[in-house]
Amino acid sequence: MSYLKKIGALFVSSALMASMLAGCGGSSSGSSTTVSTSKSDNGSVSIDKASASKGSTVTVTVKAKDGYKLDKLTITDAKGNTVDVTDKGNGKFSFVMPEGKVTVTPTFVADNGSQTESKSYSDVKTGDWYADAVKYVSDKGLMSGTGSDKFAPSATTTRAMLMTVLARYAGEDTTGGATWYEKSMEWAKAKGVSDGTNPNANITREQLVTMMYRYAGSPATNGSLDNFSDAASVSSYAANAMQWAVANGIVNGYGSGLFGPNDPVTREQLAAILYRYAVYGGMTAVTLEENLGSFADTAQLSAYAIQAMNWAVGQGLINGSGSNLVPKAQATRAQVAAIIHRYLER
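These numbers come from a predicted model, not from an experiment. (Residues numbered from 1 in each chain as written. Predicted model: local features only at pLDDT ≥ 70, side-chain atom pairs only at ≥ 80, totals over all residues. Heavy atoms only, no water.)

Another aspect to go through is the overall build of the protein chain. For the protein chain, the count of helices and strands is nine helices and eight strands. Looking at the protein chain as a whole, 41% of its 346 residues qualify as buried. Considering only contacts in the protein chain between residues 6 or more positions apart, those separated by 24 or more positions represent 62%. With an accessible surface of roughly 17,900 Å², the protein chain has 51% of that area assigned to carbon and sulfur atoms. (Helix = DSSP H or I, 4+ residues; strand = E, 2+ residues; numbered from the N terminus. Buried < 20%, exposed > 50% of the residue type's maximum accessible area, 1.4 Å probe, protein only. Contact = heavy atoms within 4.5 Å. Areas by Shrake-Rupley, 256 points an atom, 1.4 Å probe, with all protein chains shown as cover.)

Given below as structure tokens:
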């Protein structure tokens, strides 16, 4: 075989081999791969094609549910690399298809109106009764989210949360700790506001009173707990605070000889403690007009809390839940945020 014939045969064989390899599952610019989308409860994503070839343009349409907005749209390839996205406006985006499959992932956050972008929480929507309060305590740096863009408005209030509120209200920088509450806990311990233990436990009556007592400068005490049958259950660290609170009328018992120092704080108790603390601080206790008549569950109010709740409603510190006050419910983060907001802005 001549030299030219050998070259020709080699060329034909190479072309044939390339053709065979192209049909054996290898990718090429002409083959199509999958475009998939991640689901979200707060909006929807649609694409103009379920599969596309490398180099082709894919259009993505995003629509948020009422009360939400798109925060970002992330597109990743098969290796987890981010693909460039072009915002075409009106909820439409486009990208150039890379090699291999891609995943389209939208992230929606609550549309909080005047809230700053950095203070948006996906579980606080425009129109929620506590939205303004959450914005206030967030903007003032008094309360933060619970992670993953959540505020957790229905969660109960913990010791760490109250320590953090007090620390930030005092102007303390609470950032930079190993945990979100570490700096607050350090401040609380340094100032004698709290011993810093059990930060994630729901706050009790004696713990709330103790923090307020220490925040007030640990005034001299001359009260007595002898009239309460469960006085022995008051923790030793809280004894002075409870005596001070009783002597100054900030905290009373349940009317049945019980003090309930270890009970979780309820809405009506929070109202009563704030009211009495305000009186202790110099507010004149006055007889207010009737403010509770519009609520259907006022019969559930404890006798001791009626005046305080009347004041709290009249001052706009506490609103009802629909037509009810739900006074016995534990105070949630949203409720504490709202009360702090209204109390400081009176």
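And the narrative resumes.
Moving on, we get to the environment of Val104. For Val104, the location among the structural elements is in strand S8 (residues 102–110). Classification of Val104 by relative accessible area gives buried; the value is 0%. C-alpha separation for the pair Val104 and Val45, spaced 59 residues apart in sequence, amounts to 8.3 Å.

Relative to the assigned elements, Glu206 resides in helix H5 (residues 205–215). For Glu206, the side chain forms a polar contact with the side chain of Ser235, separated by 2.6 Å. Residues in contact with Glu206, not counting those within four places in the same chain, are Ser233, Val234, Ser235, Tyr237, Ala238, Met242, Pro261 and Asn262. (Polar contact = N/O pair within 3.5 Å; in protein donor to acceptor, adjacent residues only side chain to side chain.)

Turning next to the packing of aromatic side chains. The geometry of two aromatic rings is summed up by the distance between their centres and the angle between their planes. A full pass over the atoms with the stated rule returns three aromatic pairs. Arranged with centres 5.1 Å apart and planes meeting at 45°, the rings of Tyr213 and Trp244 form a pair that is tilted. Linking Tyr213 in helix H5 with Trp244 in helix H6 (residues 239–247), this pair joins segments that are 31 residues apart in sequence. Here the two residues Tyr213 and Trp244 agree in accessibility, since each one is buried. (Phe/Tyr/Trp six-rings, centres within 6.5 Å; stacked < 30°, edge-to-face > 60°.)

Attention shifts here to the packing of helix H7 (residues 267–280) against helix H8 (residues 306–314). For the pair H7 and H8, the least separation of the axes is 8 Å and the interaxial angle reads 80°. Here H8 runs roughly perpendicular to H7, going by the angle between their axes. Together, Arg267, Glu268, Ala271, Ala272, Leu274, Tyr275 and Ala278 of H7 and Gln307, Ala308, Met309, Trp311 and Ala312 of H8 make up the contact between the two elements. (Axes fitted to C-alpha atoms, helices over the stretch in contact; angles between N-to-C directions. Parallel < 35°, antiparallel > 145°, perpendicular 65-115°, else oblique.)

Here four strands make up an open sheet; going across it, the order is S2-S4-S7-S6 and the pairing antiparallel. The open sheet has two free edges, formed respectively by strand S2 (43–47) and strand S6 (86–89), since each of these has just one partner strand. Across the sheet, the axes of successive neighbouring strands diverge by a mean angle of 25°, strand direction being ignored. Bridge analysis of S6 against strand S7 (residues 92–96) gives three bridges, and the strand direction is antiparallel. Considered in S7, the bridge of Gly89 is made with Lys92. (Pairing = 2+ DSSP bridges.)

Further remarks concern the side chain of Asp297. Mapping Asp297 onto the fold places it in the loop between H7 and H8. The buried category is assigned to Asp297, whose relative accessible area is 6%. One polar contact links the side chain of Asp297 to the main-chain amide nitrogen of Val326, over a distance of 2.7 Å. Look past the residues within four positions of Asp297 in its chain and what remains in contact with it is Ser323, Asn324, Leu325, Val326 and Pro327.

Its identity as a non-glycine residue notwithstanding, Ser218 has a phi of 50°, on the positive side. Checked against the element boundaries, Ser218 lands in the loop between H5 and H6. For Val326, which is not glycine, the phi torsion reads 40° and is therefore positive. Relative to the assigned elements, Val326 resides in the loop between H8 and helix H9 (333–344).

For the rest of this paragraph, the subject is the environment of Lys65. Looking at the secondary structure, you find Lys65 in the loop between strand S4 (57–64) and strand S5 (68–77). For Lys65, a relative accessible area of 47% puts it in the partly exposed group. Through-space distance from the C-alpha of Lys65 to that of Phe108 is 8.9 Å; in sequence the pair is 43 residues apart.

On to the pattern of salt bridges, then. Scanning the entire structure with this criterion turns up three salt bridges. The shortest N-O distance in the salt bridge between Asp48 and Lys49 comes to 3.2 Å. On the basis of relative accessible area, Lys49 is assigned to the partly exposed category, the value being 27%. Between Lys54 and Glu99 there is a salt bridge whose closest N-O contact spans 3.9 Å. Here Lys54, found in the loop between strand S3 (51–53) and S4, pairs with Glu99, found in the loop between S7 and S8; they are 45 residues apart in sequence, far enough to count as distant. (Salt bridge = Lys/Arg side-chain N within 4 Å of Asp/Glu carboxyl O.)

Counting residues in hydrophobic clusters, the biggest one holds 33 residues, and the most contacted among them are Leu208 and Phe259. Listing elements by their share of this core, those giving two or more residues are helix H3 (159–169), helix H4 (182–190), H5, H6 and H7. Leaving out residues up to four positions away in the same chain, Phe259 has contacts with Arg205, Leu225, Phe228, Asp230, Val234, Met242, Val246, Val251, Asn252, Gly253 and Tyr254. (Core = buried A, V, L, I, M, F, W, Y, C linked by side-chain atoms within 4.5 Å.)

No statement about biological role is implied by the geometric values presented.
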